[in-house]
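Fold and contact review
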Amino acid sequence: MTVHALQAPGSGGRLSPAEGREPNLNAPPFQANVMPDIHPPTQGLVAPEPVRGCHVQPKDYAWFQESLAHTTAAGLMAFTGSGHATARHLTDRQGRKRFTGLEHAASMSTQDAAHTLFGNEYVGTDHVFRLNGPRVEAFSGVDDDIFRLLARGDVEEYRALVHASRHIRPRLTFDKDWGGPVSVHADGSVLALRLLPGQDKEPRPGSPR
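The structure displayed is predicted, hence computed values, not measured ones.

This next bit is on the overall build of the protein. Tallying secondary structure elements over the protein gives 4 helices and 6 strands in all. Ordered by position from N to C terminus, the α and β elements of the protein give α-α-β-β-β-α-α-β-β-β. Within the protein, the proportion of its 209 residues that are buried is 33%. When contacts within the protein are restricted to residue pairs at least 6 apart in sequence, those whose partners lie at least 24 apart make up 47%. Total accessible area on the protein is roughly 14400 Å²; 54% of this is exposed by carbon and sulfur atoms.

Here is the structure:
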């Protein structure tokens, strides 16, 4: 994100709104109608033509921060395949109703899956597909603690947890217990791949695959 500041007096620190309210990230998301276009400062009595874009005014700072936080949370929950946990962080205009039906993230998938990777518990969805012949299992999910926080709408605690562990969480290596490569991201999401049992062995002559 790029921030263009016309004037920012002071010695640094967090910018606080001069008007409006403090953000409440745990409050349900709501749709605000922010008028488009950026209006440059007037030059005397002449008002310059508006510029394409979106200007977040101080009165909308809290809403904007809440919207960003909920949208990020929704993306993380969608990665696990949990429709209801995703929907609680979206507005109707963002497609909330699309995630409130039966939860089927993909064909040939098993939801509410849980795996221990590198000694940590993760929950999400198992997917099975073929990769040049052999059948492969892919698990996409998120750290169990993070999932529980976002499932109940505790965005504040989720952000604090992710921020505190952002430097130590990322990992990309082979997990022997899982049996394949595992990628863990700073936000707590994980993607793991492995061959299904028996796929790494050559069949005996004359035996069916």
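Having seen the model, we can carry on.
It is worth spelling out the environment of A138 at this point. Structurally, A138 can be placed in strand β3 (residues 135-143). For A138, a relative accessible area of 7% corresponds to the buried category. For the pair formed by A138 and L193, sequence separation is 55 residues and the distance between their alpha carbons is 4.6 Å. The residues contacting A138, other than those within four sequence positions of it, are T125, D126, H127, F129, A192 and L193.

Glancing now at the environment of V182. Relative to the elements of secondary structure, V182 occurs in strand β5 (residues 180-184). The class for V182 is buried, based on a relative accessible area of 0%. Remark: the alpha-carbon pair of V182 and A192, spanning 10 residues in sequence, is separated by 4.3 Å. Every residue in contact with V182, bar those within four places of it in the chain, is listed here: L117, F118, R171, L172, T173, D175, V190, L191 and A192.

Pairing geometry for strand β2 (residues 120-130) and β3, over 9 bridges, is antiparallel. Counted as the bridge partner of R130 is R135 from β3. Between the end of β2 and the start of β3, which pair antiparallel, lie 4 residues, with N132 showing a positive phi angle near 55°.

Bringing the side chain of T125 into the picture now. For T125, the position within the fold is in strand β2. Only 2.5 Å separates the side chain of T125 from the backbone oxygen of T80, close enough to count as a polar contact.

With that settled, the discussion passes to the packing of helix α1 (residues 61-80) against helix α3 (residues 144-151). Packing of α1 against α3 brings their axes to within 11 Å, and their N-to-C directions diverge by 120°. What the angle tells us is that α1 and α3 run oblique. Considering only the axes of α1 and α3, their crossing is left-handed. Along the contact surface, α1 presents A73, L76, M77 and T80, while α3 presents I146, F147 and L150. Considering only residue class, the contact of α1 with α3 consists of 6 nonpolar, 1 polar and no charged.

For D126, the location among the structural elements is in strand β2. The side chain of D126 sits in the buried core without any salt bridge; R194 is the nearest counter-charge, 6.2 Å away. A polar atom in the side chain of D126 sits 3.1 Å from the side chain of H115.

To continue, consider a nonpolar patch on the surface. Together, F129, L131 and L193 give the surface a local cluster of nonpolar side chains, amounting to about 250 Å² of exposed area. By the element assignment, L193 lies in strand β6 (residues 189-195).

Turning our eyes to something else, we now look at the pattern of salt bridges. Within this structure, the stated rule accounts for 5 salt bridges. The residue R21 makes a salt bridge to E66 at a minimum N-O spacing of 2.7 Å. With R21 in the segment before α1 and E66 in helix α1, the pair connects residues that are 45 residues apart, well separated along the chain. Measuring nitrogen to oxygen at the nearest pair gives 2.9 Å for the salt bridge that ties E137 to R194.

Cut-offs and rules
Residues numbered from 1 in each chain as written. Predicted model: local features only at pLDDT ≥ 70, side-chain atom pairs only at ≥ 80, totals over all residues. Heavy atoms only, no water. Helix = DSSP H or I, 4+ residues; strand = E, 2+ residues; numbered from the N terminus. Buried < 20%, exposed > 50% of the residue type's maximum accessible area, 1.4 Å probe, protein only. Contact = heavy atoms within 4.5 Å. Areas by Shrake-Rupley, 256 points an atom, 1.4 Å probe, with all protein chains shown as cover. Pairing = 2+ DSSP bridges. Polar contact = N/O pair within 3.5 Å; in protein donor to acceptor, adjacent residues only side chain to side chain. Axes fitted to C-alpha atoms, helices over the stretch in contact; angles between N-to-C directions. Parallel < 35°, antiparallel > 145°, perpendicular 65-115°, else oblique. Left-handed = near helix turned anticlockwise from the far one by under 90°. Nonpolar A, V, L, I, M, F, W, Y, C, P; charged D, E, K, R; others polar. Lys, Arg positive; Asp, Glu negative; His and termini not counted. Salt bridge = Lys/Arg side-chain N within 4 Å of Asp/Glu carboxyl O. Patch = residues over 30% accessible without salt bridge, like charges linked within 9 Å, V, L, I, M, F, W, Y side chains within 5 Å.

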